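Observations on the three-dimensional arrangement
Chain residues, written in single-letter form:
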Amino acid sequence: MPRPKKAAPARPSGSKPTPQSEFELIAQLRARSTDARAQGARGLVCGIGDDAAVFRNTHGRELLVTSDLLVEDVDFRRADFEAGDIGHKAVAASLSDIAAMGGRPRWALLSIGVPRALWERPGFVIDLYEGAETLARLCGAFIIGGDISRTPERVVVDATLIGEAARGRSVRRAGARPGDQIFVTGTLGGAAGALRVFEHARSLSKSSPPEAQSFARVYSELARCQTRPAPRVEWGALLGERGLATAMIDLSDGLSSDLAHLCRESDAGALIEAASVPVNPLLTPARVARGDAFRRSLKKDALTLALHGGEDFELLFTVRPRDARKLRESLDGVPVTRIGVVRESREGVKILRGGREVRLAPSGFEHFRRGD
Ligand code: ADP
Ligand code: MG
């Protein structure tokens, strides 16, 4: 047995500054896990820092492992989510990470923490579980385990997903090269638009519950972008299997932030064309009735929601120019759209808007943004 290394002297906790964001914490955790040779001997191909970890197993395939944590009142509110929605969303987020690695989801573990009052509410826990199970099965994965605990007040759900890819076929965030075309699946901004619906319904319900109810009915399709996101599992697997994507990430924090992650990992810059960004059509109805201030503001802000709103769980990926022709236009009714091009890193990440190129600052969701 190897002799344990002498532990580093403990530092007083006062000398450990609080990370400025979750991304800084991830960078610190990543820097700590540097024993690459030992990890490589155990088959680890890619650890902290991508959408999922990658192992090479003995049968020559790569295993992908990822987890996502949903916390009530931080990641969702129970007033907006049915029990089944909570389970669906937890699993959707992790399925999306497997898709973003170009793999196929196989196994899932679902851990839930609920307060006693909800545990005792008929159907709540089983509905939550069913929401998770139904989506997992639809995407080709089985739930094989998990854990259950009691929380003082709020619901917490963790979905861990295990997927696989052929050896060398998993797709990283790193890999984009200048000249590669940038694509996105589906449409963007729906999930952020839905948050506005929830907020508006809440303010209406204070003065007029019936009005709030009919408002919620009108916007139920948009609300589903939050509560029932569809991870792009088929697109992810296709892009991985065909070796078409040079880099890929899923849009959980928002296009501007996730593109920045992809560019940083690839040591690249990018130019996005605002006019090409596929905005969710639910945000931009052709006609807005006079006096419908809610719909008007949604329409006015549609591009901002599409650029910076999170949780659409679409895939953002890059393709060599010569391979772009090989890309099909849609899969199972989900289109892909070319939205820009990869550039040298010194050119930064920019957006072409109104004939001018301006910096596209990462402004998506962060749990611990400074000053929040
Ligand atoms: P995503 O939005 O794709 O789920 P995250 O930003 O949550 O990605 O995570 C990025 C990377 O950081 C992943 O490799 C993830 O496993 C790692 N990571 C996040 N939180 C932790 C943690 N608490 N401990 C170790 N690694 C973490
Ligand atoms: Mg991800």
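What comes next concerns the included structure. Quantities reported herein were computed from a predicted structural model and do not represent experimental measurements.

Turning next to the site of ligand 1. Surveying the vicinity of ligand 1 reveals the residues Phe 23, Ile 26, Leu 29, Ile 48, Gly 49, Asp 50, Asp 51, Asp 68, Asp 97, Arg 173, Asp 250 and Ser 252. Measuring from an oxygen atom of ligand 1, one finds a backbone N or O atom of Gly 49 at 2.7 Å. Within the contact set of ligand 1, an oxygen atom lies 3.1 Å away from a side-chain nitrogen or oxygen of Ser 252. Per-element accounting of the shell around ligand 1 gives the leading share, three residues, to helix H1 (residues 22-32). Here the shell around ligand 1 is composed, by residue class, of four nonpolar, two polar and six charged.

Let us look at the pattern of salt bridges. With the rule as written, the count across this model stands at 23 salt bridges. Between Arg 61 and Glu 164 there is a salt bridge, with the nearest N and O atoms lying 3.5 Å from each other. Here the residue Arg 61 occupies a position in strand S3 (residues 61-71), and Glu 164 occupies one in strand S6 (residues 156-166), the gap between them amounting to 103 residues. Linked through salt bridges whose partners overlap, the residues forming this network are Asp 50, Asp 51 and Arg 173.

Here we come to the sheet that holds strand S5 (residues 142-150). With mixed pairing, the six strands of this open sheet are ordered in space as S1-S2-S3-S6-S4-S5. Looking at strand neighbours, the two that pair on one side only are strand S1 (44-46) and S5, the edges of this open sheet. For this sheet, the mean inter-axis angle between neighbouring strands, taken without regard to orientation, is 20°. Sheet analysis places strand S4 (residues 104-114) next to S6, joined by nine bridges and oriented antiparallel. Opposite Ala 108, over in S6, you have Leu 161 as the bridge partner. Packed onto the sheet, helix H5 (residues 124-138) meets S4, S5 and S6 and runs at close to 165° relative to S4.

Next up on the list: the coordination of the magnesium ion (ligand 2). Binding of the magnesium ion (ligand 2) to the protein goes through Asp 51 (OD), Asp 97 (OD) and Asp 250 (OD), at separations of 2.0 to 2.1 Å. All donors of the magnesium ion (ligand 2) belong to a single chain; written as a sequence motif, their spacing is D-x45-D-x152-D. Taken together, the residues span a long stretch of sequence, with Asp 51 in the loop between S1 and strand S2 (53-56) and Asp 250 in strand S8 (residues 247-250) at a distance of 199 residues. Of the residues examined, Asp 250 reaches a relative accessible area of 1% and is grouped as buried.

Now for a nonpolar patch on the surface. Taken together, the side chains of Leu 25, Ile 26, Leu 29 and Ile 48 present a nonpolar region at the surface, about 310 Å² in accessible area. Relative to the helices and strands, Leu 25 is located in helix H1.

In a regular helix each residue adds 1.5 Å, so 18 residues correspond to 26 Å; helix H6 (residues 190-207) covers 26 Å between its end C-alpha atoms and thus fits that length. Every buried residue of H6 is listed here: Gly 190, Ala 191, Ala 192, Gly 193, Ala 194, Val 197, Phe 198, Ala 201 and Leu 204. Looking at the packing, one finds that the buried side of H6 touches helix H7 (209-218), helix H8 (220-227), helix H11 (293-300) and helix H12 (302-308).

On to the pairing of strand S13 (residues 349-353). Here four bridges tie strand S9 (residues 268-273) to S13, and the two strands are oriented parallel to one another. Its bridge partner being in S13, Ala 270 is matched across the sheet by Val 349. For S13 and strand S14 (residues 356-359), the ladder comprises four bridges, and the chain directions are antiparallel. Pairing of Arg 353 across the sheet is with Arg 356, part of S14.

Analysis parameters
- Residues numbered from 1 in each chain as written.
- Chains lettered and ligands numbered in written order.
- Predicted model: local features only at pLDDT ≥ 70, side-chain atom pairs only at ≥ 80, totals over all residues.
- Heavy atoms only, no water.
- Near = heavy atom within 4 Å.
- Polar contact = N/O pair within 3.5 Å; in protein donor to acceptor, adjacent residues only side chain to side chain.
- Helix = DSSP H or I, 4+ residues; strand = E, 2+ residues; numbered from the N terminus.
- Nonpolar A, V, L, I, M, F, W, Y, C, P; charged D, E, K, R; others polar.
- Salt bridge = Lys/Arg side-chain N within 4 Å of Asp/Glu carboxyl O.
- Pairing = 2+ DSSP bridges.
- Axes fitted to C-alpha atoms, helices over the stretch in contact; angles between N-to-C directions.
- Contact = heavy atoms within 4.5 Å.
- Donors = N, O, S within 2.8 Å, 3.2 Å for Na, K, Ca; no water.
- Buried < 20%, exposed > 50% of the residue type's maximum accessible area, 1.4 Å probe, protein only.
- Patch = residues over 30% accessible without salt bridge, like charges linked within 9 Å, V, L, I, M, F, W, Y side chains within 5 Å.
- Areas by Shrake-Rupley, 256 points an atom, 1.4 Å probe, with all protein chains shown as cover.
- Expected span 1.5 Å × (residues − 1).

Keep in mind that these numbers describe shape and distance, not what the molecule does.
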